[in-house]
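Single-letter residue listing:
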Amino acid sequence: ATSTALVADAQLVVSGMSRQRGWVSVSVQTYQSHRTSAQRILQQEYTVDETGATLNALSRTSDAPEEEPEQQASTTPTTSIFIRDWKLSGRRAYIRYDNDNSSFWFNPVVNDDPRHNSVSGSDFPCSRGDIFLKLGMRGARLIPWQLKEGDVFRLGQAYVLVSKVRLTSDTTMDVSAFSPPPREQTAVLASTGTDAARDSAGSAESDDDEPPTPGSQRSSGAGEPSTPPPAHECYICYEAGEAGNPLISPCMCQGSVKFVHLNCLQRWIQPEGSSAVNTHCSICKGRYPEKAQAMMIRPPALLLESWSNHRALRLRHWVSFANHSTASLGRFTEHNDVVIPDHSVSGEHALIIHSGDQFWLHDRESSNGTFIRLSAPLKLAFGETLQMKMGKSLLSLQAKRSRWSRLRMRLNILRLGSAGPGGDDG
Ligand SMILES: [Zn+2]
Ligand SMILES: [Zn+2]
């Protein structure tokens, strides 16, 4: 009986309150090192209610934020958040409240025009106005991020693009370009694994291990010189090619090291217990061609491209999770599957963990942080603090429940408690 009275009392109080569900507190810190030799930090605080907010970059040519003309008519009474920047202007993001799921959302404005998107020419995947979310800082717990193709993340000042995500081996059958050409293939025809090759070679040669008999040689190669063609063999295991494991010639190596089994090469380029794939031939030092790489790398795999040393150094990294579910990224050469040489990258900076056809990026409490570029709306969970970076500015956002919202939640719990089977209203 007492709890029912309490609920009634509380209900009366709650009904008299403003029905604001919550707000987002936003703090913007901008580094202004260009004006004086001493670095100055400009900090501004905003409170965003359910009417939402726009985040606007303010080019430094205009000095005072109050001089900025309020362009939108007052029909949309949203908060305007200003972020000072050297070269950027215009709306970069907005915050809105979604009544359907009772949550605040952070929506980045994604610039699709590649001409405006490129910073340093070439194909650097980021633009200056991109907003990056810091990982590992969500409230008290550490958050990972599910990576998808096209994602860009930052380790300190180094940028990493998820250039390709390969879940299945779609190119394993495309070995013809690297297999021994047909005319010198008499001894290893079965190795190509194609039906046509097996049909023509099957009768003449049943076993690759046996040298061709004079009879079969005569029947298959009429008019050929008497010297039998050399039998190709794998330079790693000395065996001939076979269906499903063909001999290929993926690089510039010639002679006794020209051919290698696809499977032998796959084991060779990816050492046991590692997810890193070596895409250079250890003999001729040449890089395996793109097509050969796609064939050699066992899925699930990621192709990462990194820009480090002030974007002067661009590297490609194939990472295969076929035998190893984790890839470590960092500056130390010895401990990492993906080595990114940059002073701002920690020795052991981040991890990518493969699980159930998903790839998760984890920060390893690095000194300069791991950041993911935001390209889709992000839900701002109540109580969690998110940190973001845009240019030289640092944004801190926290969605908070109003007192009304919190009381209403407690009221619901009380109501459930008094009506439930465990209630003491006998
Ligand atoms: Zn072999
Ligand atoms: Zn080679």
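Everything below is about the structure shown above.
These lines cover the structure that appears in this document, whether it is placed above or below.

Rules of the game
Residues numbered from 1 in each chain as written. Chains lettered and ligands numbered in written order. Predicted model: local features only at pLDDT ≥ 70, side-chain atom pairs only at ≥ 80, totals over all residues. Heavy atoms only, no water. Helix = DSSP H or I, 4+ residues; strand = E, 2+ residues; numbered from the N terminus. Buried < 20%, exposed > 50% of the residue type's maximum accessible area, 1.4 Å probe, protein only. Contact = heavy atoms within 4.5 Å. Donors = N, O, S within 2.8 Å, 3.2 Å for Na, K, Ca; no water. Pairing = 2+ DSSP bridges. Salt bridge = Lys/Arg side-chain N within 4 Å of Asp/Glu carboxyl O. Tetrahedral: all angles 85-135°; square planar, octahedral: opposite > 155°, others 65-115°. Phe/Tyr/Trp six-rings, centres within 6.5 Å; stacked < 30°, edge-to-face > 60°.

1. Some words on the environment of Tyr288
- Secondary-structure assignment places Tyr288 in the loop between β13 (276-277) and α6 (290-296).
- You can call Tyr288 buried: its relative accessible area is 2%.
- Separated by 10 residues in the primary sequence, Tyr288 and Asn278 place their C-alpha atoms 9.3 Å from one another.
- Setting aside chain neighbours within four positions, we find Tyr288 in contact with Pro250, Cys251, Leu265, Ile269, Asn278, Thr279, His280, Cys281, Gln293 and Met296.

2. Side note on the coordination of the zinc ion (ligand 1)
- Those donors, Cys234 (SG), Cys237 (SG), His261 (ND1) and Cys264 (SG), are the protein atoms that reach the zinc ion (ligand 1), and they lie 2.1 to 2.4 Å from it.
- Read in sequence order, the donor residues coordinating the zinc ion (ligand 1) give the pattern C-x2-C-x23-H-x2-C.
- Cys234 gets classed as buried once you look at its relative accessible area, which sits at 0%.
- For Cys237, a relative accessible area of 29% gives the class partly exposed.

3. What to know about the sheet that holds strand β23 (residues 393-401)
- Spatial ordering of the open sheet is given by β2-β1-β23-β22-β7-β20-β9-β10-β14-β15-β13, a layout of 11 strands whose pairing is antiparallel. Whereas interior strands pair on both sides, the edge strands pair on one side only; in this sheet they are β2 (40-48) and β13.

4. So, the pattern of salt bridges
- For the structure shown, the criterion picks out 7 salt bridges.
- Taking the shortest distance from any N to any O, the salt bridge between Glu290 and Arg316 comes out at 2.8 Å. One end of the pair, Glu290, is in helix α6; the other, Arg316, is in strand β15 (residues 313-320), with 26 residues separating them in the sequence.
- Classification of Glu290 by relative accessible area gives partly exposed; the value is 43%.
- Residue classification places Arg316 among the partly exposed positions, given a relative accessible area of 27%.
- The residue Arg364 makes a salt bridge to Glu348 at a minimum N-O spacing of 4.0 Å. Highlighted residues: Arg364 in the loop between β19 (358-363) and β20 (370-373) and Glu348 in the loop between β17 (338-339) and β18 (350-355), separated in sequence by 16 residues.
- Owing to a relative accessible area of 32%, Arg364 belongs among the partly exposed residues under this scheme.

5. As for the coordination of the zinc ion (ligand 2)
- Distances from the zinc ion (ligand 2) to its protein donors, Cys251 (SG), Cys253 (SG), Cys281 (SG) and Cys284 (SG), fall at 2.2 to 2.4 Å.
- Classification of the site at the zinc ion (ligand 2) rests on its 4 donor atoms, whose angles at the metal span 105 to 113°, yielding the label tetrahedral.
- Donor residues for the zinc ion (ligand 2) sit on one chain with the sequence pattern C-x1-C-x27-C-x2-C. Of the two residues, Cys251 is situated in the loop between β11 (247-248) and β12 (260-261) and Cys284 in the loop between β13 and α6; the sequence distance between them amounts to 33 residues.
- Residue Cys284 is classed as partly exposed on the basis of its relative accessible area of 30%.

6. So, the pairing of strand β14 (residues 301-308)
- When you tally the buried positions in β14, you get 8 out of 8 residues, the bulk of the element.
- In terms of strand pairing, strand β10 (residues 158-166) meets β14 through 7 bridges, oriented antiparallel. Counted as the bridge partner of Leu161 is Glu305 from β14.
- Pairing of β14 with β15, which is carried by 8 bridges, proceeds in the antiparallel orientation. Within β15, the residue paired with Leu303 across the bridge is Trp318.

7. Considering the sheet that holds strand β8 (residues 145-147)
- The mixed open sheet is built from 5 strands, whose spatial order is β8-β19-β18-β16-β17. Two strands bound the open sheet, and with one partner strand each, they are β8 and β17.
- Pairing of strand β16 (residues 326-330) with β17 involves 2 bridges; the strand directions are parallel. Each residue of the ladder has a partner; that of Leu329, found in β17, is Val338.

8. A look at the packing of aromatic side chains
- Per the counting criterion, the structure on display carries 6 aromatic pairs.
- Taken together, a centroid distance of 4.9 Å and an interplanar angle of 80° make the contact between Phe124 and Tyr159 edge-to-face. Taken together, the positions of Phe124 in the loop between α2 (114-117) and β7 (132-134) and Tyr159 in strand β10 put the pair 35 residues apart, joining distant regions of the chain.
- The exposure class of Phe124 is buried, given its relative accessible area of 4%.
- Considering the side-chain rings of Phe321 and Phe359, the 5.3 Å spacing of their centres and the 55° angle between planes classify their relative orientation as tilted. Taken together, the residues Phe321 in the loop between β15 and β16 and Phe359 in strand β19 connect sequence positions 38 residues apart.

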